[in-house]
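# Architecture and fold: a report
If you want the building blocks of each chain, they are given just below.
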Amino acid sequence: MGMHPVCSADAPRSSTRRGGLPAAYVAAGGRAINCKRGVQGAMTRVLDGNAVGQTIREDLETGVETLADAGVTPGLATVLMSDDDASETYVRMKHRACADLGIESIHREIDPTDAPETLFDTVSALNEDSAVNGILVQMPVPDHVDKTRVLRSITPEKDVDAFHPENVGRLVAGDARFKPCTPHGVQQLLAAADVDTSGADAVVVGRSDIVGKPMANLLIQKAVGGNATVTVCHSRTADLASKVGQADIVIAAAGVAELIDGSMLKEGAVVVDVGVNRIEDDSERGYTLVGDVEFESAREKASVITPVPGGVGPMTITMLLYNTIKAAGLQAGVDLPALADLADLEVSA
Ligand code: NAD
C-alpha cells in the first residue's frame, strides 16, 4: 500500500497554493495543533478551531481592506424569529465577530407569534438594501413559518448560509458561489492540519441539509480538500460501527451525544466532531457541552481530533465572515485574491 492518504504531515500537497488565505493554513498547521501521545504511542493532534479560525480571520482583514479601498464596507443582516436562548447567543456571537473584523451588521428581530409575512417582508426589504451583502435567517423558525420558503426567499447572491437551492445546486455541480459555513469550516480545519483528503475513505455521520449532505458534497468534489471516497451514514444506517471502523476520516454530525467512541474507530483515523449536545448536570451552568464523539477514548485511537467546544464551532462563524466578504466583493465587482479558496486551487487529475 502506498502512502496513507490522511496521515500527511509529511505528505506532498496536491495543490498549487496561491493567494493569502491558503498560506495561512500552513501557518495555522504550525501553531494551532496540540499534540498528545495516545496509548499506542502515536502522537494525537488535537485541533484548536479557535486558533485556526483566528488565523483565517487575520487573512480576511486583507479582504476587508481591499473592499475599503474600493469604498465598500461589507454588511451582514441577521433575522431572528425566536425566543430561544441558544439562537440569541449564536446571533450575538455573529455580530461580535463582524464588529471585530470591520463588517457592518444589522439585526431584525421578529416576534415569534407574528404572521409569516412579517418575516418574508423583512427578508424582501433586506434583499433590496444595497448596504446589505449577506442575509442570514437564524434557524429554527417557528412551526407556523414554512422553512423551505424562508430559505428560498433570500436572494441567492446574499445567501451567505448557502441554503438556497441555487447555491446548493452550484455546490453539487462543483461551482460553488458560497459554501455552507460548517462543512466549509471542517474542510478548512482538515487543510490546516495537513490532512490529505484525496483517496481517503471518509464517513460522514448525518445527512442534514446544513451539515451532512454538503459535507459529503465537498469531500467528493474533484478539487483540493475533496477527492475522498465518501460514505454517508444516518439514523437508518444498519451497522454504523462497521462503517465508521473503515474510515480514514470520520465527520460526526448526528447531534447524538458521544455516539462514536474509540472502540469504533480505525487506528490513526482523523476525527472531526461537529456535534454540540447539552448534558444536564449539577454545574453552575446546569449542563456540559459534549460532541458526538466520546473524546477521551477516541483520542487514544485518532491521529487527529477536534474537541467540543473549541473545534468546529469557531470555524463556522469564521466561514460566515468569509462568505459575507466574498458576497460584498461579488456584488461590488471587487476582486479579492486573498479569498482564494481550497477548491479554487489546481488539482491534478
Ligand atoms: P440534524 O438533526 O438536522 O441531523 C442529524 C443527522 O444525524 C440526521 O441526518 C440523522 O439521520 C443523523 N442521525 C441521528 N441519529 C443518528 C444515529 N444514531 N446514527 C447515525 N446517524 C444519526 O442535525 P444537524 O443540524 O446536522 O446538526 C448535527 C449536530 O451538529 C448537532 O449536534 C448540532 O448542534 C451540531 N452543529 C454544530 C455546528 C457548529 O458550528 N459546531 C453547526 C451546525 C450543527
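The following refers to the structure shown. Fair warning: this is a prediction, and the values are worked out from it, not measured in the lab.

Analysis parameters
Residues numbered from 1 in each chain as written. Predicted model: local features only at pLDDT ≥ 70, side-chain atom pairs only at ≥ 80, totals over all residues. Near = placed C-beta within 6 Å. Helix = DSSP H or I, 4+ residues; strand = E, 2+ residues; numbered from the N terminus. Nonpolar A, V, L, I, M, F, W, Y, C, P; charged D, E, K, R; others polar. Axes fitted to C-alpha atoms, helices over the stretch in contact; angles between N-to-C directions. Parallel < 35°, antiparallel > 145°, perpendicular 65-115°, else oblique. Contact = placed C-beta atoms within 7 Å. Core = buried A, V, L, I, M, F, W, Y, C linked by C-beta atoms within 7 Å. Buried ≥ 20, exposed ≤ 12 C-beta atoms within 10 Å, placed from the backbone. Pairing = 2+ DSSP bridges. Left-handed = near helix turned anticlockwise from the far one by under 90°.

Let us now look at the site of the ligand. Taken together, 25 residues form the shell around the ligand, and within it Gly206, Ser208, His234, Gly255 and Thr316 come nearest. Looking at which element gives the most residues to the shell around the ligand, the answer is helix H11 (residues 312–332), with three residues. Considered class by class, the residues forming the shell around the ligand number 12 nonpolar, 12 polar and one charged.

Orientation of helix H7 (residues 181–192) relative to H11, taken along the N-to-C sense of each, is 110°, at an axis distance of 8 Å. In terms of axis orientation, H7 runs roughly perpendicular to H11. Only Val312, Met315, Thr316, Thr318, Met319, Leu320 and Asn323 of H11 make contact with H7, whose side of the interface consists of Cys181, Thr182, His184, Gly185, Val186, Gln188 and Leu189. Its residues assigned to classes, the contact of H7 with H11 shows seven nonpolar, seven polar and no charged.

Residues Val250, Ile251 and Val271 are the most contacted members of the largest nonpolar core, which totals 93 residues. Ranked by residue count, the leading element in this core is H11, at 10 residues. Ignoring anything within four residues of it in the chain, the contact list for Ile251 reads Val186, Ala202, Val204, Val205, Met215, Val272 and Val274.

To continue, consider the sheet that holds strand S4 (residues 104–109). An order of S4-S3-S5 is seen for the three strands of this open sheet, with the pairing classed as parallel. The open sheet has two free edges, formed respectively by S4 and strand S5 (134–137), since each of these has just one partner strand. Adjacent strand axes in the sheet meet at a mean angle of 15°, parallel and antiparallel pairs treated alike. For strand S3 (residues 75–80) and S4, the ladder comprises six bridges, and the chain directions are parallel. Counterpart to Thr78 in the pairing with S4 is His107. Contacting S3 and S4, helix H3 (residues 85–101) crosses the sheet at an angle of about 170° to S3. Here helix H4 (residues 116–128) sits on the sheet in contact with S3, S4 and S5, set at roughly 175° to S3.

Let's shift gears to the environment of Cys181. Among the secondary structure elements, Cys181 is positioned in helix H7. C-beta crowding within 10 Å serves as the criterion here: with 25 such atoms nearby, Cys181 is assigned to the buried category. In this structure the C-alpha to C-alpha distance between Cys181 and Pro214, which are 33 residues apart in sequence, comes to 9.8 Å.

Let's shift gears to the packing of H7 against helix H8 (residues 212–220). At their nearest, the axes of H7 and H8 sit 8 Å apart, and the two run at 40° to each other. Compared by their axis directions, H7 and H8 come out oblique. Crossing hand, H7 versus H8: right-handed. For the pair H7 and H8, the contacting residues are Pro183, Val186 and Gln187 in the first and Pro214, Met215 and Leu218 in the second. Split by residue class, the contact of H7 with H8 holds five nonpolar, one polar and no charged.

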